[in-house]
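Read off the chains here:
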Amino acid sequence: MLRSKPTLFELLQLLAELGQYEKPSRHMLETAIAPSLSENLYKLCDEQALNDITLDSRQASKNSIFVAIKGSALDGQAFIEDAITRGSFCVLLDATSYELGKAAPLFECKQINNKAYICCYVSDLATHFPYLIKCIFDTEDFPNITAITGTNGKTSVANLCAQLASLCGVKAGSIGTLGVSHYDLGKSTLMSETLNTTPDLFTLCRHLQSATNKGLGFVALEASSHGLAQKRLRSIRTNCGIFTNLTQDHLDYHENMQAYAAAKRRLMSQEGLQYLVLNADDDESKNWADISAQNIQLAWYSMSTLAKGQKGSYVSDCQYTQDGCEISLHTHWGNAQLVLPLLGDFNVANYLSSLTALCLQGFAFDKLIAATKKLQGIVGRMELFPNSHASIIVDYAHTPDALKQALKSARRHTRGELHVVFGCGGNRDKSKRSLMGAIAQSEADNIVLTQDNSRMESPVDIIADIKKGIDQQTKVAVVLDRKSAIKHAWQSAKQEDIVVLAGKGHEDYLEINNQRIDYNEREYVKTLTAVESEL
Ligand SMILES: CC(=O)N[C@H]1[C@@H](OP(=O)(O)OP(=O)(O)OC[C@H]2O[C@@H](n3ccc(=O)[nH]c3=O)[C@H](O)[C@@H]2O)O[C@H](CO)[C@@H](O)[C@@H]1O[C@H](C)C(=O)N[C@@H](C)C(=O)N[C@H](CCC(=O)O)C(=O)O
Ligand SMILES: Nc1ncnc2c1ncn2[C@@H]1O[C@H](COP(=O)(O)OP(=O)(O)OP(=O)(O)O)[C@@H](O)[C@H]1O
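The paragraphs below set out a description of the structure included in this document.

Reading the values: rules and limits
Residues numbered from 1 in each chain as written. Chains lettered and ligands numbered in written order. Predicted model: local features only at pLDDT ≥ 70, side-chain atom pairs only at ≥ 80, totals over all residues. Heavy atoms only, no water. Helix = DSSP H or I, 4+ residues; strand = E, 2+ residues; numbered from the N terminus. Contact = heavy atoms within 4.5 Å. Axes fitted to C-alpha atoms, helices over the stretch in contact; angles between N-to-C directions. Parallel < 35°, antiparallel > 145°, perpendicular 65-115°, else oblique. Nonpolar A, V, L, I, M, F, W, Y, C, P; charged D, E, K, R; others polar. Near = heavy atom within 4 Å. Polar contact = N/O pair within 3.5 Å; in protein donor to acceptor, adjacent residues only side chain to side chain. Areas by Shrake-Rupley, 256 points an atom, 1.4 Å probe, with all protein chains shown as cover. Left-handed = near helix turned anticlockwise from the far one by under 90°. Disulfide = S-S within 2.5 Å. Buried < 20%, exposed > 50% of the residue type's maximum accessible area, 1.4 Å probe, protein only. Pairing = 2+ DSSP bridges. Right-handed = clockwise from strand over helix to strand, strands pointing away.

### Quick notes on the environment of L358
So, step 1. Turning to its location among the elements, L358 is positioned in helix α12 (residues 345-360).
So, step 2. A sequence separation of 55 residues divides L358 from H413, and the C-alpha atoms of the two residues are 29 Å apart.
So, step 3. In contact with L358, not counting residues within four places along its chain, are C161, L164, A165, F218, F363 and L368.

Next up, the structure:
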């Protein structure tokens, strides 16, 4: 029988060929399994093509392989029972995790709750991940991938790229903070939630395999700095990379800006990278251009103009209306006058990067312009909730730069005063709190400080840290309960004012004392503004 994918036994033989250990024989397999008298297990090892692999026991499917590795907080070995209970028949472990001082066998048969499974010990297991995925997924058939990195804008750009590609007739997908979505002619369907912005390599492959099976030709993928640093994208062929910007974030993890910037630059080493889109208005882009490989085609985007010789897109004039931006667009591929249903300069920049990436990859300019007219705003990203009292914008800004950009942008769209409601997350980069306080003071007329995901910290302490950046305390009100804070800000606002709610965006929970409490800001705003007539 012809099989496109190997069995576990064949996989072990292939790994042995890579020089890791002695080639196993069938006799070894029979001897290992025989004592458990598990005929079914033998069949799974020697007759059944491998079908799924996971690092996370909670995702283990029937007849899958569970890869148990040590993480930064936990050891995957603690979840073997969970994986076996959920259907895994095999656990891959690094050879070093075998009993101290003893040489690990290549495999042995074990039992948990009367269920036999096979435990394989592979030397340098993590270095074989790229090889493992090629044995299980049709990686060569994966859709064209555009990966987006940068401190801010990844989700927005991924969404815009996927919307535009699908409106041009190519079924598309996006993978990132908002989950995994598929797009057909601009209409998006949420396929699954994601635990991480950039999923681990095996989860990512599962999403890409499903995209392949559903006939998608294009996928926009968010590449977070954690994901890049932890090599979650390694060996995933990436046609195009987009870098949006670099400002302070995640220093609790990366420790300093150099390490953070270096993590992002890893995107340039992605396998198969042909195109790179850089932000001419961001200094870090110049470092990217200096070190990108000669064979990668560069293109640029800018909110002002491009230098001589820079191929790409820019905007010469931007008018801010109550519900969007009117722009004069100039690109290497053509020019146009456009109305974008997006708020804020940075969303125009996000649009430019998406358009440039698609033009570079051969999408027709005219089709993209026609598609632009059908674009939808992005959930929780400068999302406008107009009403006759004072418009509300729900935005996901949770970094100093994002808050600054969101407030500056909102200011341009308002004729009245600007109000901001925000807090900061607990147990994360504390240094950004006072910076965000200072930004709110300089950019907004009125500030309401409130709860965000305080996690294990006291929200009162977090707010005290934010206040350290504010000396005009008369501008500030503190209302701990987030819904009450929003109501307070909106009721104190006047007609033609704008109230920006920063930090929660699309999320549907508040994480307090390590518990997720149902909280949907967008739904709350709809309810609140529906009763505006009672004001
Ligand atoms: C610090 C960090 O980034 N940790 C990530 C890392 O976890 P880890 O390797 O340390 O794993 P661990 O939690 O110690 O667990 C060890 C092993 O046990 C497994 N396990 C764990 C629990 C369980 O029930 N069953 C199970 O099998 C885990 O899958 C893992 O293989 O690798 C895991 C798999 O890829 C990630 O899910 C996990 O993200 C955690 C949840 C996290 O909070 N990460 C954040 C900081 C993050 O990565 N954020 C960025 C976006 C940031 C942004 O731009 O805003 C992201 O891409 O999501
Ligand atoms: N190009 C940009 N430059 C600066 N700020 C931006 C840009 N695009 C979006 N923002 C701001 O950053 C917030 C987050 O945007 P988005 O979700 O697109 O970024 P992200 O990089 O995916 O962030 P995260 O990884 O934290 O989810 C937005 O709500 C907005 O306030």
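### Focus on the packing of helix α14 (residues 400-413) against helix α15 (residues 432-443)
So, step 1. Packing of α14 against α15 brings their axes to within 9 Å, and their N-to-C directions diverge by 10°. Put simply, α14 runs roughly parallel to α15. Contact with α14, carried on its side by P400, L403, K404, L407, K408 and R411, involves K432, L435, M436, I439, A440 and E443 of α15 and no other residues of that element.
So, step 2. The residue makeup of the contact of α14 with α15, split by class, is seven nonpolar, no polar and five charged.

### Details of unusual backbone geometry
So, step 1. Non-glycine residue E255 carries a positive phi angle of around 75°.
So, step 2. Summarising the element assignment, E255 is placed in the loop between α9 (251-254) and α10 (257-265).
So, step 3. In this structure, N514 takes a positive phi of about 60° despite not being glycine.
So, step 4. Inspection of the secondary structure assignment puts N514 in the loop between β23 (509-512) and β24 (515-518).

### Some words on the site of ligand 2
So, step 1. In the vicinity of ligand 2, 20 residues are found, and the nearest of them are K154, T155, S156, R381 and D395.
So, step 2. In this structure, Y396 approaches ligand 2 through a main-chain N or O atom, which is 3.0 Å from an oxygen atom.
So, step 3. Between ligand 2 and the protein, one listed contact pairs an oxygen atom with a side-chain N or O atom of H398 at 2.8 Å.
So, step 4. For ligand 2, the accessible surface in isolation is 620 Å², of which the surrounding protein chains cover 94%.
So, step 5. Secondary structure elements with two or more residues in the shell around ligand 2: α6 (154-167), α12 and α14.
So, step 6. Within the shell around ligand 2, the residues separate by chemical class into five nonpolar, ten polar and five charged.

### With respect to the packing of helix α2 (residues 26-33) against helix α3 (residues 39-46)
So, step 1. Between α2 and α3, the least distance of the axes is 10 Å, while the angle of their chain directions is 150°. The angle between the axes of α2 and α3 places the two elements in the roughly antiparallel class. Relative to α3, the crossing made by α2 is right-handed. For the pair α2 and α3, the contacting residues are R26, L29, E30 and I33 in the first and L41, Y42, C45 and D46 in the second.
So, step 2. Of the residues in the contact of α2 with α3, the class split is five nonpolar, no polar and three charged.

### Looking at the state of the cysteines
So, step 1. For the structure shown, the criterion picks out zero disulfides.
So, step 2. Unpaired in terms of disulfides, C120 finds its nearest cysteine sulfur in C90, a separation of 4.0 Å.
So, step 3. Between C325, a cysteine without a disulfide, and C318, which holds the nearest cysteine sulfur, the sulfur-to-sulfur distance is 4.3 Å.
So, step 4. Taking the relative accessible area as the measure of exposure, C325 reaches 0% and is therefore buried.

### Considering the pairing of strand β19 (residues 418-422)
Side-chain positions along a regular strand alternate between the two faces of the sheet.
So, step 1. Of all five residues that make up β19, five are buried, and the element is covered over most of its length.
So, step 2. Of the two faces of β19, the one holding L418, V420 and F422 and the one holding H419 and V421 are both buried throughout.
So, step 3. Bridge count between β19 and strand β22 (residues 498-502): four bridges; the pairing is parallel. Note that in β22 the partner of H419 across the bridge is V499.
So, step 4. Considered for its hand, the β-α-β crossover made up of β19, α15 and strand β20 (residues 446-449) is right-handed.

### Quick notes on the sheet that holds strand β5 (residues 115-122)
So, step 1. Strand order in the open sheet formed by five strands is β1-β2-β3-β5-β4, and the pairing between neighbours is mixed. Strand pairing shows two members of the sheet lacking a second neighbour, β1 (53-54) and β4 (107-112), which therefore form its edges.
So, step 2. Bridge count for strand β2 (residues 65-68) against strand β3 (residues 90-94) is four bridges, and the pairing is parallel. Of the residues in β3, the one forming a bridge with A68 is L93.

### Focus: the side chain of N152
So, step 1. Among the structural elements, N152 can be located in the loop between β6 (144-149) and α6.
So, step 2. Contacts of N152, omitting those with residues within four sequence positions, involve T244, N245, T247, T399, D401 and A402.

Purely geometric stuff here, so don't read any function into it on its own.
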